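What follows is the residue order along each chain.
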Amino acid sequence: MDLFKFFNKEETKSKDIARERLKMVVAQDRSGISPQVLETLKIGIIELLSRYMEIDEKSVQIQLIRNATGYRNASSELVANIPIRKVKVQAR
Amino acid sequence: MGEVIVVTSGKGGVGKTTTTANVGTALALQGNRVVLMDADIGLRNLDVVMGLENRIVYDLVDVVEGTCKLKQALIKDKRYDGLYLLPAAQTRDKTAVTVEQMKALSDELKKQFDYVLIDCPAGIEQGFKNAVAGADRAIIVTVPEVSSVRDADRVIGLLSANGLEEPQLIINRLKIDMVRRGDMMSIEDTLDILGIGLLGVVPDDETIVVSTNRGEPAVSNSQSLAGQAYINIARRILGEDVPVMDFDADQGFLAKLKRFFGIGAHSASEHA
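Each value, and the rule that gives it
- Residues numbered from 1 in each chain as written.
- Chains lettered and ligands numbered in written order.
- Predicted model: local features only at pLDDT ≥ 70, side-chain atom pairs only at ≥ 80, totals over all residues.
- Helix = DSSP H or I, 4+ residues; strand = E, 2+ residues; numbered from the N terminus.
- Rg over C-alpha atoms; globule rule 2.2 N^0.38 Å.
- Buried ≥ 20, exposed ≤ 12 C-beta atoms within 10 Å, placed from the backbone.
- Contact = placed C-beta atoms within 7 Å.
- Nonpolar A, V, L, I, M, F, W, Y, C, P; charged D, E, K, R; others polar.
- Pairing = 2+ DSSP bridges.
- Axes fitted to C-alpha atoms, helices over the stretch in contact; angles between N-to-C directions.
- Core = buried A, V, L, I, M, F, W, Y, C linked by C-beta atoms within 7 Å.
- Parallel < 35°, antiparallel > 145°, perpendicular 65-115°, else oblique.
- Left-handed = near helix turned anticlockwise from the far one by under 90°.
- Arc of directions from axis to C-beta.

A. Looking closely at the overall build of chain B. For chain B, the count of helices and strands is twelve helices and eight strands. Rg of the C-alpha trace for chain B: 19 Å, near the compact-globule value of 19 Å for 272 residues, within the 12% margin. Taken along its principal axes, the extent of the C-alpha atoms in chain B is 65 × 40 × 30 Å. Each of the 272 residues in chain B was classed as buried or not, and the buried ones make up 49%. Counted over contacts in chain B with a minimum sequence separation of 6, partners at least 24 positions apart contribute 74%.

Following this line, the structure appears as structure tokens:
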């Protein structure tokens, strides 16, 4: 995670790496959404958004994460990071 | 009417059997009638951990199939008043019993005992389904490592699907020094991922190996730190409010002062 590197001056502790990796993998396990489905979803989102704006496709990141509260009943969240190059002028 | 508690984990080798043996013995030491049921058919081990392997005549499958009466299969532990073992069959496999049969057996046992502790097999297949079928509550054992915690999370989901909504967690084999260095997930880290209630923390302790070698539960050894942790867990099951052990008790004043000012790694007990 970029945020991690930014705030951490010294080397990241191995237990923090473990925790972050686990959070990801557990969110994925719980959601029942496979990496393949996530990839398909990513392609679909890019396709849809490309109608309206120019997307930096290579930098698109889509991840499932746990809700910030960290409790069992908290839902998973789909977080998409989609850099926009240029918004297209709406064609009529 | 007693309570049926299943001890489960998903991953193997994290200490389910040791936990069942020690928590069960501790509950008996507190004056309860306790039966330890080994649900790991084909791979029984609760008998050797308890040091009762030479006393087995009949087993769980014999009871279920009607080869013997329940009473005949129950092994009384002569060292601890009120403690019994129902061993698993060793020459059969998990398909020898059904969910319905296990549920009926659990129901029968809780009429006779205050606590029925079920040692669940590893995995999430038939053996797991059998073991949780008759349970009123569940204890999840995990070690603070990625594979174990991930499996624990899977099991939490499966327990919930079986109507066991509020399992409680035992964090086993916590290595205090590694936690301090930031090389092992702390109690807080593990709880943050799994999001369930904490029943107890058992430190990594060589006395467990020694007591298992001898077939004597660690709770009977007053020198065993892990044994003390298991006694605390039993007391919490009985409803007592027992704080999580202070793992830093052996640390010097300077170490505590340093941690107080945030120098060096955080201690495990601060998160408890």
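There's plenty left to go through after this.
B. Local environment of the overall build of chain A. Scanning chain A from terminus to terminus reveals three helices and four strands. Its helices and strands taken in sequence order, chain A reads α-α-α-β-β-β-β from the N to the C terminus. A burial count over chain A gives 9% of its 92 residues as buried.

C. Main features of the interface of chain B and chain A. Counting residues at the interface gives 15 residues for chain B and 15 residues for chain A. Of all the elements in the fold, those that place two or more residues in the side of chain B that touches chain A are helix H7 (146-161) and helix H9 (187-194) of chain B. Broken down by element, the residue count for the side of chain B that touches chain A peaks at six residues, all from H7 of chain B. The class makeup of the residues in the side of chain B that touches chain A is six nonpolar, three polar and six charged.

D. Expanded view of the sheet that holds strand E7 (residues 168-174) of chain B. All names here are of chain B. Within the open sheet, the eight strands sit side by side as E3-E4-E2-E5-E1-E6-E7-E8. Their pairing is mixed. Across the chains shown, the open sheet's two edge strands, defined by having one partner strand only, are strand E3 (75-76) and strand E8 (197-203). Summarising the sheet, strand E2 (residues 34-38) and strand E4 (residues 83-86) pair through four bridges and their orientation is parallel. In the strand pairing of E4, methionine 37 is matched with leucine 86. Contacts between H7 and the sheet are confined to strand E1 (3-8) and strand E6 (137-142), with E6 contributing the most and set at about 165° to the helix. Packing against the sheet, helix H11 (residues 225-237) makes contact with E7 and E8, and its axis sits at approximately 160° to E8.

E. Structural detail: unusual backbone geometry. All names here are of chain B. The phi angle at arginine 173 is positive, at roughly 55°, despite the residue not being glycine. Among the structural elements, arginine 173 can be located in strand E7. Residue class for arginine 173 comes out buried when judged on the 21 C-beta atoms lying within 10 Å of it.

F. Quick look at the nonpolar core. Residues and elements named next belong to chain B. Membership of the largest hydrophobic core comes to 89 residues, with the highest contact counts inside it found for Ile5, Leu60, Val116, Leu117, Ile118 and Tyr230. The greatest single-element share of this core, amounting to eight residues, is contributed by H11. Dropping the residues within four chain positions of it, leucine 60 is found in contact with Met37, Ile41, Ala73, Leu86, Pro87, Ala88 and Ala89.

G. The arrangement of the packing of helix H5 (residues 99-112) of chain B against helix H6 (residues 126-133) of chain B in detail. Residues and elements named next belong to chain B. At a minimum axis distance of 7 Å, the contact between H5 and H6 shows a crossing angle of 30°. By the criterion of interaxial angle, the relationship of H5 to H6 is roughly parallel. Like other packed secondary-structure pairs, H5 and H6 cross with a definite hand, here right-handed. Counting all contacts with H5, which are made through Val99, Met102 and Lys103, the residues of H6 involved are Lys129, Asn130 and Ala133. Across the contact of H5 with H6, the residue classes tally to three nonpolar, one polar and two charged.

H. View of the packing of helix H2 (residues 14-31) of chain A against H7 of chain B. One way to put it is that H2 of chain A packs onto H7 of chain B with a least axis distance of 10 Å and a crossing angle of 30°. With respect to their mutual orientation, H2 of chain A and H7 of chain B come out roughly parallel. H7 of chain B is crossed by H2 of chain A, and the crossing has right-handed handedness. Along the contact surface, H2 of chain A presents Ala18, Arg21, Leu22, Val25, Val26, Asp29 and Arg30 of chain A, while H7 of chain B presents Val146, Val149, Arg150, Asp153, Arg154 and Gly157 of chain B. Of the residues contributing to the contact of H2 of chain A with H7 of chain B, the split by class is six nonpolar, one polar and six charged.

I. Quick peek at H9 of chain B. Within the span of H9 of chain B, buried status applies to Ile187, Asp189, Thr190, Ile193 and Leu194 of chain B. Taken end-on, H9 of chain B shows its buried residues confined to a sector of 165°, consistent with a single buried face. Packed against the buried residues of H9 of chain B are H2 of chain A together with E6, H7, E7 and E8 of chain B. A positive phi of about 60° marks glycine 195 of chain B, the residue just after H9 of chain B.

The values are spatial; any link to function lies outside them.
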